Amino acid sequence: MPRSKRDKKISLTKTDRKGLAWKQQIIEDIRRCVEKYPNIFVFQVQNMRNNLLKDLRQEWKQNSRFIFGKNRIMQIGLGRTKAEEVETDLSKLSRRLTGQVGLLFTEKSKKEVLEWAENYWAVEYARSGFKATETVVLPEGPLEEFSHSMEPHLRSLGLPTKLQKGVVTLVSDYTVCEEGKVLTPEQARILKLVAKPMAKFRLTMKCSWTKADGFELHVPDDINDDEEDKADSGQGEEVDDDDDGEAMDQDEDEDSDEDEEDD
């Protein structure tokens, strides 16, 4: 029987690429926030977790806004040089938008924000590449928290398990990780399964800009703000549709990009 022309396979995992209009919208949002909020902070994220960032957005939505996305887009929004900056010295903030960082626009005072950031943290599960903070050893014996259907998966992660009378059982002591050593993907997965969080989600305020006091550096760096701005010949207000800028964690990039559109 001949194959129908309408019988086409469509991949549900394929997503549309963010376009130029979306990037321009983010730039306009940043510039509106500069006008609306008196205080701006560049924050650095340790052990990024998108669900926790969403919680912070919800908690602070009344008088603040978090923007966490492509560094190049955020830099253009603030202005990369003195000639481009929206307000005096915002280019100094822009220069610090490197790595896993974001912008916090807020009506809260500088003192209030810095004290909050100093004391805020949340426990999370470590990912591969994280250095273990302690040695974790699982003793020989039954693992009653797991159903019998989990046994093949546990064995695939490297655990010496077998079923005994329908109960998942470790046939010998097993060292999941050692303190100070980098975790593998399998070790990180086991730690999550046995409920052993090791990471802390934290925000560090690198620098700030206020309409009253201007720019202030809170974490020392090697950027020399006294150097004369050297703008590349191609720099300007335009955004390249093919430029993705700085990427976030691969498994969180899509969700975070969508959140930037929320007010």
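Residues numbered from 1 in each chain as written. Predicted model: local features only at pLDDT ≥ 70, side-chain atom pairs only at ≥ 80, totals over all residues. Heavy atoms only, no water.

We apply this condition: UniProt positions are given in the numbering used here, feature names are shortened, and annotations may be inferred rather than shown by experiment.
If you check an unreviewed UniProt entry, the protein appears there as Ribosome assembly factor mrt4 from Musca domestica. As recorded by UniProt, the Function (unreviewed entry) comment attached to the protein reads in full: "Component of the ribosome assembly machinery. Nuclear paralog of the ribosomal protein P0, it binds pre-60S subunits at an early stage of assembly in the nucleolus, and is replaced by P0 in cytoplasmic pre-60S subunits and mature 80S ribosomes."

1. Focus on the overall build of the protein
The line we're drawing: For helices the rule is a DSSP run of H or I covering at least 4 residues; for strands it is a run of E covering at least 2, with both sets numbered from the N terminus onward. Two residues form a contact once any of their heavy atoms are found within 4.5 Å. Accessible areas in this description were obtained via Shrake-Rupley with a 1.4 Å probe; residue shielding takes into account the shown protein chains only.
What the protein contains, in helices and strands, is eight helices and 11 strands. Within the protein, residue pairs in contact and separated by at least 24 positions form 79% of the contacts whose partners lie at least 6 positions apart. Summed over its atoms, the accessible surface of the protein is roughly 15600 Å², and 45% of this surface lies on carbon and sulfur atoms.

2. Overview of the packing of aromatic side chains
Put simply, the test is: Two aromatic rings, drawn from Phe, Tyr or Trp (for Trp, its six-membered ring), form a pair once their centres lie within 6.5 Å of each other, and the interplanar angle then sorts them: stacked below 30 degrees, edge-to-face above 60, tilted otherwise. To sort residues, take the accessible area from a 1.4 Å probe on protein chains only and compare it with the maximum for the residue type: under 20% means buried, over 50% means exposed, and anything in between is partly exposed. Note on geometry: a ring has a charge over it if NZ (lysine) or CZ (arginine) is within 6 Å of the ring centre and within 35 degrees of the ring normal.
Using the criterion set out here, one finds seven aromatic pairs in the structure. Pairing Phe43 with Phe66 gives two aromatic rings, centres 5.6 Å apart and planes at 75 degrees, and the pair type is edge-to-face. On the criterion of sequence distance, the pair formed by Phe43 in strand β1 (residues 39-46) and Phe66 in strand β2 (residues 64-67) is long-range, its members being 23 residues apart. Residue Phe66 is classed as buried on the basis of its relative accessible area, which comes to 3%. Every member of this aromatic cluster is reached through a ring pair, and the members are Phe43, Trp60, Phe66, Phe68, Trp116, Tyr120 and Phe201. Against the face of Trp121 rests Lys200, its NZ or CZ located 4.2 Å from the ring centre.

3. Overview of the environment of Ile190
Relative to the assigned elements, Ile190 resides in helix α7 (residues 185-193). Look past the residues within four positions of Ile190 in its chain and what remains in contact with it is Leu157, Leu159, Tyr174 and Val176.

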